[in-house]
Amino acid sequence: MIGGLFLALAATAAVPAFTEAEVPAILSHGPWPVPWTGDPSNRVSGNAQAIELGERLFFERRLSTNGSVSCSFCHLPERNWSDGEARARGLALTDRNTPSVANVRYQRWFGWDGANDSLWSQSIRPILDPREHGASTSHVGSLVRGDRDLSCRYAKAFGAPPSADDEAILVDVGKALAAFQETLVSGRTAFDEFRDALARRDTTAMARYPEPAQRGLSTFIGKGACNTCHAGPAFTNGEFHDTGIPFFIEPGRVDPGRHEGIKKLLSSRYNLLGPYNDDPSRASAVGTRHVALEHRNFGEFKTPSLRKLGLTAPYMHNGRLATLRDVVKHYSEISPDRLHSDGEAILKPLRLSEQETKDLVTFLETLQDARPGYRRRALPEDCR
């Protein structure tokens, strides 16, 4: 009995003491996973037949103009649905890093610049982008109507065969792709186990979380204030920030980020204010209705989720930073002069010690889940 008590005390002694203010900050990053909620703007959100169609379309190279590029060309399952390249390449090299589509269903704005306000409209964008799939509305319509299997599965998902309206088919392809991507949710992590143990005050379970990770967590929510932007269960506030990363693409060409994204969003026929929103109340369009273009948006990019980020290197909107250590070093040494004059007052050089840097990286690595990688389901070959 005495020996057991000693072991319990020794275990709890290894747990850093978090303050009353820090505990709620830690608990705010869960529980995980977040309960499912469907997308009211997409009538096939959560529909099993649409998910199956969307999965097929995600790996379908014929959605590109020359039959060589699919969504999975850049969003590789084994790379946590990214590609490991600094900048994505479809039919041609693009300007930005490939973002992961894991946990994408929890987002409010889509793409590094937030140029889309729904997952289905974001799924349409690369199909039409000449550097990615390079396809046209008519190409997509002809493919779905002309392929017996796709046409059959489309009818099952949407309740009617594909019509002669190419644009309506394109939008439905986007909605099926979105239905599939909504299923891509990462698993629980060592951090989640620690967070839940903290919530129930289980000190024995808390002590299983490595001490360096706990110190890194303390830096994350304390000195680093990383949770200002990397907030909530998905470790992102889903908003846009100037992080001091240069937005020059090449000599004479810059990436305006959110500034241009808002322009594209408001001019898009596929936004939630447009005719293809399936939400009759239009409550889903409130954010779009009130978004406003401001000078400070220039060079801002969306805060990515930190879950499973160990597989998504290189980092930042242009893949400029190769490792997690590089990212931590960037924020440790960031120069305020690199930020817009009306930009991110919240960002200041953290001046982390070598030990704090190592601990913070260790914490970030515990956001990796142990779930086996995605395996494409064995779907029926014939649709009847």
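The structure under discussion appears in the preceding block.
Residues numbered from 1 in each chain as written. Predicted model: local features only at pLDDT ≥ 70, side-chain atom pairs only at ≥ 80, totals over all residues. Heavy atoms only, no water.

K.L.:
Let's hear about the overall build of the chain: which residues, and what values?
P.N.:
Across its full length, the chain holds 14 helices and four strands. Here the chain has a C-alpha radius of gyration of 22 Å; the compact-globule value for 384 residues is 21 Å, and the two agree. Every one of the 384 residues in the chain was classed for burial, and the buried ones make up 52%. As presented, the chain carries roughly 17,900 Å² of accessible surface, and 55% of it is formed by carbon and sulfur atoms. Here the chain contributes 47 positive and 47 negative side-chain charges, whose respective centroids are spaced 2 Å apart. (Helix = DSSP H or I, 4+ residues; strand = E, 2+ residues; numbered from the N terminus. Rg over C-alpha atoms; globule rule 2.2 N^0.38 Å. Buried < 20%, exposed > 50% of the residue type's maximum accessible area, 1.4 Å probe, protein only. Areas by Shrake-Rupley, 256 points an atom, 1.4 Å probe, with all protein chains shown as cover. Lys, Arg positive; Asp, Glu negative; His and termini not counted. Charge placed at Lys NZ, Arg CZ, Asp CG, Glu CD.)

K.L.:
For the side chain of Arg96, give the residues involved together with the corresponding values.
P.N.:
You can see Arg96 is positioned in the loop between helix 3 (48–58) and helix 4 (119–128). Within the structure, Arg96 has its side chain in polar contact with the side chain of Asp113 (distance 3.1 Å). Once you skip the residues sitting within four places of it in the chain, Arg96 turns out to touch Ala86, Arg87, Ala88, Trp112, Asp113, Asp255, Gly257, Phe301 and His317. (Polar contact = N/O pair within 3.5 Å; in protein donor to acceptor, adjacent residues only side chain to side chain. Contact = heavy atoms within 4.5 Å.)

K.L.:
Could you give an account of the state of the cysteines, with specific residues and numbers?
P.N.:
Counted according to the given criterion, the structure contains one disulfide. The disulfide partner of Cys152 is Cys383, and the gap between their sulfur atoms is 2.0 Å. Taking the torsion about the sulfur-sulfur bond, which here is approximately -70°, the covalent link between Cys152 and Cys383 counts as left-handed. Linking Cys152 in helix 6 (residues 148–158) with Cys383 in the segment after helix 14 (354–365), this pair joins segments that are 231 residues apart in sequence. You'll find Cys152 and Cys383 in the same group, each marked buried. Looking at Cys71, it has no disulfide partner, and the nearest cysteine sulfur is the one in Cys74, 9.2 Å off. Distance from the sulfur of Cys229, which forms no disulfide, to the nearest cysteine sulfur (Cys226) is 9.1 Å. Residue Cys229 is classed as buried on the basis of its relative accessible area of 14%. (Disulfide = S-S within 2.5 Å.)

K.L.:
With reference to specific residues and values, describe the packing of helix 10 (residues 211–221) against helix 14.
P.N.:
The N-to-C vectors of helix 10 and helix 14 enclose an angle of 100°; their axes lie 7 Å apart at closest approach. Judged on the interaxial angle alone, helix 14 and helix 10 are roughly perpendicular. Of the residues in helix 14, those touching helix 10 at Pro212, Ala213, Arg215, Gly216, Leu217, Thr219 and Phe220 are Gln355, Glu356, Asp359, Leu360, Thr362, Phe363 and Leu364. Taken together, the residues of the contact of helix 10 with helix 14 break down into seven nonpolar, four polar and three charged. (Axes fitted to C-alpha atoms, helices over the stretch in contact; angles between N-to-C directions. Parallel < 35°, antiparallel > 145°, perpendicular 65-115°, else oblique. Nonpolar A, V, L, I, M, F, W, Y, C, P; charged D, E, K, R; others polar.)

K.L.:
Run through helix 11 (residues 258–267), naming residues and quoting values.
P.N.:
For helix 11, every residue scored as buried is listed here: Arg258, His259, Gly261, Ile262 and Leu265. Axial view of helix 11: buried residues confined to an arc of 160°, hence all on one face. (Arc of directions from axis to C-beta.)

K.L.:
Describe the pattern of salt bridges, naming the residues involved and giving the relevant values.
P.N.:
Counting across every chain of the model gives 32 salt bridges. Here Glu300 makes a salt bridge to Arg296, at a shortest N to O gap of 3.2 Å. Assessed through its relative accessible area of 34%, Arg296 is described here as partly exposed. A network of salt bridges, in which partner residues are shared, links Arg87, Asp95, Arg125, Asp129, Arg131, Glu132, Glu250 and Arg253. (Salt bridge = Lys/Arg side-chain N within 4 Å of Asp/Glu carboxyl O.)

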